[in-house]
Every structure is written in structure tokens, then in C-alpha cells.
Amino acid sequence: MKMEEYLNKSIKEVINQFPEVGNILNEYNIGCAPCSVGSCLLKDIVEIHNLPPEEEQELMAKIAKVIYPDREAKIPEIKRKREARPKEISYSPPIKKLVNEHVLIKRLVAMIPELIDNLDVASEEGRQVIIDSIDFIRSYADKYHHAKEEEILFKYFGEDLDIIKTMLEDHDNARAHVRTMLEALDKKDKEAISEHLNAYQELLTEHIKKEDEILYPWMDRDFSITQVGELFSKFNGKDEEFGDAPERYEEFINKLEQKFKLKEAVK
Ligand SMILES: [Fe+2]
Ligand SMILES: [Fe+2]
């Protein structure tokens, strides 16, 4: 089989056939091996991950060596729709908004170990902490933030794209964890709540990293100035719908951080 044909195969298929390729991708910080879908084509990863041309050549040469250990394989040049840009990320204003929302979500996610340590399903006060945290996840992280992605941002690229499918799948899995947590809370099942909080932490940490470092910069490279403006006003429209809710949720996170810090001071 020719190298061109491998370039048009999904990463997952290539890694199944040549597991070593997964390690090579990891060396370049391209986490396709652990990626849940992994169905992006080999030729697309270079563009999605914005590798500089020298690194692309080097990476492709290493992959070719694994696929054809006995001969010098000719590496076809991969045509890109967009030029490679410098590595450090500078987001457009609307995308920066989403990155800032991630910051608040990450602050809740960072408190999950404390939430689990202090889990109290017996007292009214303890239950309220869980209810409020789940409400933050449902209302802020999901209805407010994920809705901006699903109803506005992702529409510019289409839901058939593998990278978008992966993100949507993550959102669905996050929703499933929330549903199970609520059921567990009804049954006062501490263990199940902890288990799903942990899973949510793991899922969202990876998800946000993928968006901040890969998906958003890749999308930003594709947007025209007009689209950036349009996106900004559509996001503002969503913000208006939610009124002062985002500020209230920020206040909730501040208070929760204080609560856990206070506890630590008392110890
Ligand atoms: Fe997302
Ligand atoms: Fe996000």
C-alpha cells in the first residue's frame, strides 16, 4: 500500500495496524492515541495541530519508517488549506470569551476532590452544596457554555467533522454523569456521587484542554474577520439571554473556594 493511501486512513486504523505510530504522535504532543474517537485522517492531523513544516516532515518521516521499515518511503507533501502559524496561541475576541468561561469551569473542576472529601448527603446543608455544584455544571457549563458551542460555534464547521463529533460526544457523556449524580443524590448514594464527580473531573479536564489547545486555535485560523464579528455578536446575544446568571455563578465559585479554604485554615 502506498503512503498516500495511509494518509487517507483514520488515525485509529493506522494506530491499530502500527501501534508505534501512537507513540510517535505522543512525542509531538498529538494525543490521537487516547482520543476517544480518533477517526481524523492521518493527513488532517498535521493541519489540525498546526505543526510547523519542518516538524511535519520529521513526523511524517518517522511514521513512514514504521510503515515501511525496509525501504525509503517517499513522503508526499500534504497540502494545507491554511498556512502554519506561530505556536503561541492568540485567540480572537469571541473565542477568548469561551476560553474565559473555561477558566470558571476549571475552578469548579479543581474543587471536585474537596467536594468529594466533604461529601455529606445526610444534612440539609451538605446536600445543598451538591445541588448547587450540580446546578453550576448544568446551567453554567452546559446550558450557557456548551450551548454557545453547539448552537453557534460548531455550526460553522458542521457536525459531520470528526473533531466536532468527539466534542459533542464529550458533552453528552458529561450530561450522562450529571443525570446519574442527581439520581444518586436522591438515593443518598455517596459512592455513586463521588464516582461520577471523579469521572466528570477527568472528562472535563481533557475536554477543555482539547478545545483550548487544539480545536479553538484551529477554528480561529479559519475564521474571516466578518465571521469573527458575527460570532461575537451571536455570543453577546446568548449572554443577554442569561442576564446576570454568569456573575451569580462566579460568585458561587468564589464562595465555594472560600468555604474550602476556611476549612483548611480551621484544620
Ligand atoms: Fe465543549
Ligand atoms: Fe468548551
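The structure this text deals with has already been given above.
Residues numbered from 1 in each chain as written. Chains lettered and ligands numbered in written order. Predicted model: local features only at pLDDT ≥ 70, side-chain atom pairs only at ≥ 80, totals over all residues. Heavy atoms only, no water.

**Student:** So what exactly am I meant to see when it comes to the packing of helix α6 (residues 93–110) against helix α11 (residues 225–242) here?
**Tutor:** Packed helices, taken two at a time, are described by the angle between their axes plus the distance between the axes. Packing of α6 against α11 leaves a shortest axis separation of 8 Å and a crossing angle of 40 degrees. By the angle class used here, α6 and α11 are oblique. Here α6 contributes Pro93, Pro94, Ile95, Lys97 and Leu98 to the contact with α11, which in turn contributes Val228, Leu231, Phe232, Phe235, Asn236 and Asp239. Here the contact of α6 with α11 is built from residues that sort into eight nonpolar, one polar and two charged. (Axes fitted to C-alpha atoms, helices over the stretch in contact; angles between N-to-C directions. Helix = DSSP H or I, 4+ residues; strand = E, 2+ residues; numbered from the N terminus. Parallel < 35°, antiparallel > 145°, perpendicular 65-115°, else oblique. Contact = heavy atoms within 4.5 Å. Nonpolar A, V, L, I, M, F, W, Y, C, P; charged D, E, K, R; others polar.)

**Student:** I tried to follow the coordination of the iron ion (ligand 1) on my own but got confused; where do I start?
**Tutor:** Under ideal tetrahedral coordination, the four donors around a metal are separated by 109.5 degrees; under ideal octahedral coordination, the six donors are separated by 90 or 180 degrees. Bound to the iron ion (ligand 1) on the protein side are Glu149 (OE), His171 (NE2), His207 (NE2) and Glu211 (OE), at distances that span 2.1 to 2.2 Å. Note that the iron ion (ligand 1) binds four donor atoms; their angles at the metal cover 86 to 174 degrees, and the shape is irregular. If you list the donors of the iron ion (ligand 1) from N- to C-terminus, the spacing comes out as E-x21-H-x35-H-x3-E. Separating the iron ion (ligand 1) from the iron ion (ligand 2) is a gap of 3.2 Å, bridged by Glu149, which donates to each. Here the residue Glu149 occupies a position in helix α8 (residues 124–152), and Glu211 occupies one in helix α10 (residues 190–222), the gap between them amounting to 62 residues. (Donors = N, O, S within 2.8 Å, 3.2 Å for Na, K, Ca; no water. Tetrahedral: all angles 85-135°; square planar, octahedral: opposite > 155°, others 65-115°.)

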